[in-house]
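Analysis of the macromolecular model
Listed below, chain by chain, are the residues.
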Amino acid sequence: AVGSDVYLESPGDVPPYVARLLEIYAYKFAADEVYFNARWYYRDDDVREYGMRDKARAAALRAHEHELYMSLHDEENHVDTVLR
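In short, a report on the structure.

Topic: the packing of aromatic side chains
Summed over the entire model, instances satisfying the criterion amount to four aromatic pairs. Seen from their ring centres, Tyr17 and Trp40 are 5.9 Å apart, and the 80° between their planes marks the pair as edge-to-face. Taken as a pair, Tyr17 in strand β2 (residues 17-27) and Trp40 in strand β3 (residues 30-42) lie far apart in primary sequence, 23 residues in all. On the basis of relative accessible area, Tyr17 is assigned to the partly exposed category, the value being 32%. Feature note: the residues Tyr25, Tyr27, Phe29 and Tyr35 constitute an aromatic cluster, connected by ring pairs.

Some remarks on the environment of Ile24
Checked against the element boundaries, Ile24 lands in strand β2. For Ile24, a relative accessible area of 44% translates into the label partly exposed.

What about the pairing of β2?
Of the strand pairs in this sheet, strand β1 (residues 5-8) and β2 are connected by four bridges, and their pairing is antiparallel. Looking at the pairing, Tyr7 lines up with Val18 of β2. Where β2 and β3 come together, eight bridges link them in antiparallel fashion. Residue pairing in the sheet places Glu23 in a bridge with Asn37 of β3.

Here we look at a negative patch on the surface
Residues Glu9, Asp32, Glu33 and Asp80 make up a contiguous surface patch of negative charge. In this fold, Asp32 is placed in strand β3. Using a relative accessible area of 76% as the deciding quantity, one classes Asp32 as exposed.

Side note on the pattern of salt bridges
What the rule picks out here adds up to two salt bridges. Residues Asp5 and Arg20 are paired through a salt bridge, measuring 2.8 Å at the closest nitrogen-oxygen approach. Of this pair, Asp5 sits in strand β1 while Arg20 sits in strand β2, placing them 15 residues apart in sequence. On the accessibility criterion, Arg20 (28% relative accessible area) is partly exposed.

Here's the deal with the side chain of His78
Examined against the element boundaries, His78 turns out to sit in strand β4 (residues 69-78). For His78, the side chain forms a polar contact with the main-chain nitrogen of Asp80, separated by 3.0 Å. Excluding anything up to four places from it in sequence, His78 contacts Glu33, Val34, Tyr35 and Phe36.

Remarks on the nonpolar core
Formed by Val6, Leu8, Ala19, Leu21, Phe36, Ala38, Trp40, Tyr42 and Val47, the largest nonpolar core amounts to nine residues. At the level of secondary structure, the elements contributing two or more residues to this core comprise β1, β2 and β3. Per element, the largest residue contribution to this core is four residues, and it comes from β3.

Criteria and cut-off values
Residues numbered from 1 in each chain as written. Predicted model: local features only at pLDDT ≥ 70, side-chain atom pairs only at ≥ 80, totals over all residues. Heavy atoms only, no water. Phe/Tyr/Trp six-rings, centres within 6.5 Å; stacked < 30°, edge-to-face > 60°. Helix = DSSP H or I, 4+ residues; strand = E, 2+ residues; numbered from the N terminus. Buried < 20%, exposed > 50% of the residue type's maximum accessible area, 1.4 Å probe, protein only. Pairing = 2+ DSSP bridges. Patch = residues over 30% accessible without salt bridge, like charges linked within 9 Å, V, L, I, M, F, W, Y side chains within 5 Å. Areas by Shrake-Rupley, 256 points an atom, 1.4 Å probe, with all protein chains shown as cover. Salt bridge = Lys/Arg side-chain N within 4 Å of Asp/Glu carboxyl O. Lys, Arg positive; Asp, Glu negative; His and termini not counted. Charge placed at Lys NZ, Arg CZ, Asp CG, Glu CD. Polar contact = N/O pair within 3.5 Å; in protein donor to acceptor, adjacent residues only side chain to side chain. Contact = heavy atoms within 4.5 Å. Core = buried A, V, L, I, M, F, W, Y, C linked by side-chain atoms within 4.5 Å.

Following this line, the structure appears as structure tokens:
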């Protein structure tokens, strides 16, 4: 449901990605294919990677082991990538 947080497929040994569903839809030209827009949550490694754009603040950007930060990054994905 829109507003729900979901786990998404990730490569290899990387923990599942986490995102909040913003909208769910199908295109008229492919009505059997369902897509969604989601806003990503970032883990510690992601926070530091994106924080390196501002090196003065990057060292202060830390997330605890089980802590996630909601980002402003959102994008379209196919519903088959949702794990739960």
